[in-house]
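A closer look at the structure
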Amino acid sequence: MAEGEREQWRPDVLGAGFEQLTLPLGTDNEGEVVATLVRHRPPWRLRLGRGAASGADVLYVHGWSDYFFNPGLAEYWSNAGARFFALDLRKYGRSLRPGQTPGFITDLADYDADIAAALAAMGHGAPDGSDGGDAASRGSNGRPLILLGHSTGGLTLSLWAARHRGRAAALVLNSPWLEFQASKVGREALAPVIGWGAKVNPLAPLPNVDLGFYTRTVSKELDGEWEYDHAWRPDRGFTVHPAWLNAVLAGHATVAARIDVGAPVLTLLSKRSTLQARWDPAMASSDIVLVVDEVAERTLRLSQIGAVARIDGALHDVFLSRAPVRAAAYDAITQWLRGYAPHRR
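These lines cover the structure that appears in this document, whether it is placed above or below. (Residues numbered from 1 in each chain as written. Predicted model: local features only at pLDDT ≥ 70, side-chain atom pairs only at ≥ 80, totals over all residues. Heavy atoms only, no water.)

**Quick look at the side chain of Asp66**
Rules: For helices the rule is a DSSP run of H or I covering at least 4 residues; for strands it is a run of E covering at least 2, with both sets numbered from the N terminus onward. Throughout, a contact is declared for two residues whenever any of their heavy atoms are within 4.5 Å.
Positionally, Asp66 belongs in the loop between β4 (57–61) and α1 (71–79). Other than its neighbours up to four places away in sequence, Asp66 contacts Tyr92, Gly93, His150, Trp232, Arg233 and Phe238.

Below is the structure:
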């Protein structure tokens, strides 16, 4: 992009009602670095005050090996009266450039730049450089900010909110990856080995433990309901590298030591996990990525005000579950929003 030229909103791959904005973030040793903000612009708007989230802005951040492709999620929030935005982080989805290592980062705090650029485009730059207080949570446009994160995105947003207390009015976390699957003991045993690997060979490929079962439960081409770009969301995930995993494990350790995101938190989880090396029909109605009981405990370390909704039949991404399960998840959010009403703060 030429000096002085500003990127403009343009049509998005999701079609009518969606637009995208490229957010330049400079360069690294792999070239141009960008994030991409997607916004939902339905041809209609609910009248102010009628929806459970009226007057709020929502920013969604995806998980590992993922990007935003769920129109129904945007429509739910628009129906609730909010403005909906989704962020494809650097080197993911719309933001992935040729020659880049997909999803690679060495510190989750580096995503602060992606989030800051998105919030500025949404009208949520910190007033007068402040990172705290109710004025900050409303942003320069006077609208409360609700952060919505899935899996690694839930971890990233939780850590961000704790570093920028007061910026968010609320967090809604969709199966956030708040602890390693082998528990704290396993994480603490693995962390030194991964940390050493991150220093010696940060981009070394680690063994792929994704057997494709999650894709089977989600993809419309198999047993799921969803169409998406398999280059941006590979069937067996992106290659995992030591430096990236080291960053995630460090985030887990920070959460385990307790953080305060400074806002109410709602965590959506499946009722059960099914983690095994052979296909089982139960995988089509459970979380096959995380140990949900442990995540439920970890979410209580995020805020003085927290709630957990366990959704029967939910997948790891609750919003990609079967339609009746999704409806139950949306109902849980609506009830929670009405209970504390961040838009009326």
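Read on, since the account is not over.
**Focus on the pattern of salt bridges**
Under the convention used in this document: By salt bridge we mean one thing: a side-chain nitrogen of Lys or Arg within 4 Å of a carboxyl oxygen of Asp or Glu. Buried residues are those whose accessible area, probed at 1.4 Å on protein chains only, stays under 20% of the maximum for their type, while exposed residues exceed 50% and partly exposed ones sit between those limits.
Scanning all chains against the criterion turns up 22 salt bridges. The residue Arg143 makes a salt bridge to Asp57 at a minimum N-O spacing of 2.6 Å. Taken together, the residues Arg143 in the loop between α3 (134–138) and β6 (145–150) and Asp57 in strand β4 connect sequence positions 86 residues apart. Like Asp57, Arg143 is buried. In this structure, Arg272 engages Asp312 in a salt bridge whose closest nitrogen and oxygen atoms are separated by 3.1 Å. Of this pair, Arg272 sits in the loop between β8 (265–270) and α8 (292–299) while Asp312 sits in the loop between β9 (306–311) and α9 (323–340), and the two are 40 residues apart along the sequence.

**A short note on the sheet that holds strand β1 (residues 10–11)**
So the rule is basically this: Two strands make a pair as long as DSSP finds a minimum of two bridges between them. Here, axes are lines fitted to C-alpha atoms. For helices the fit covers the stretch in contact, and angles between N-to-C directions go from 0 to 180 degrees.
Strand order in the open sheet made by the nine strands is β1-β2-β3-β5-β4-β6-β7-β8-β9, with mixed pairing throughout. Strand pairing shows two members of the sheet lacking a second neighbour, β1 and β9, which therefore form its edges. Judged from the six bridges that link them, β8 and β9 form a sheet pairing that is parallel. Note that in β9 the partner of Thr267 across the bridge is Val308. Strands in contact with helix α2 (residues 112–122) are β2 (18–28), β3 (31–40), β4, β5 (83–88) and β6; relative to β2, the strand with the most contacts, it is inclined by about 140°.

**Overview of the environment of Gly142**
Structurally, Gly142 is set in the loop between α3 and β6. Residue Gly142 is classed as partly exposed on the basis of its relative accessible area of 40%. A C-alpha to C-alpha distance of 40 Å links Gly142 and Lys220, two positions 78 residues apart in sequence.

**Things to note about the nonpolar core**
Let me state the cut-off plainly: Among the buried residues, those of types Ala, Val, Leu, Ile, Met, Phe, Trp, Tyr and Cys that are joined through side-chain atoms within 4.5 Å form a nonpolar core.
If you look at the biggest cluster of nonpolar residues, it comprises 53 residues, and the most contacted ones within it are Leu59, Leu87, Leu147, Leu171, Trp244 and Leu302. When residues of this core are assigned to their parent elements, the largest contribution, seven residues, is made by helix α7 (residues 242–256). Leu171 has contacts with Leu147, Leu157, Ser158, Ala161, Val261, Ala263, Pro264, Val265, Leu266 and Trp336, leaving out every residue within four places of it along the chain. Listed in part, the 34 residues of the second largest apolar core include Tyr76, Leu268, Ala314 and Trp336.

**Description of the packing of α1 against α9**
Formally: Should an angle lie under 35 degrees it is considered roughly parallel, over 145 roughly antiparallel, and from 65 to 115 roughly perpendicular; all remaining angles are considered oblique. Left-handed describes a crossing whose near helix is turned anticlockwise from the far helix through less than a right angle; right-handed describes the clockwise counterpart. Gly counts as polar in this scheme, as do all residues outside two lists: the nonpolar Ala, Val, Leu, Ile, Met, Phe, Trp, Tyr, Cys and Pro, and the charged Asp, Glu, Lys and Arg.
Interaxial distance between α1 and α9 falls to 12 Å at its minimum, and their mutual angle equals 30°. In terms of orientation, α1 lies roughly parallel with respect to α9. When the axes of α1 and α9 are compared, the crossing they make is right-handed. Residues Gly72, Leu73, Tyr76 and Trp77 of α1 form the contact with α9, whose participating residues are Tyr330, Ile333, Thr334 and Leu337. Partitioned by chemical class, the residues of the contact of α1 with α9 number six nonpolar, two polar and no charged.

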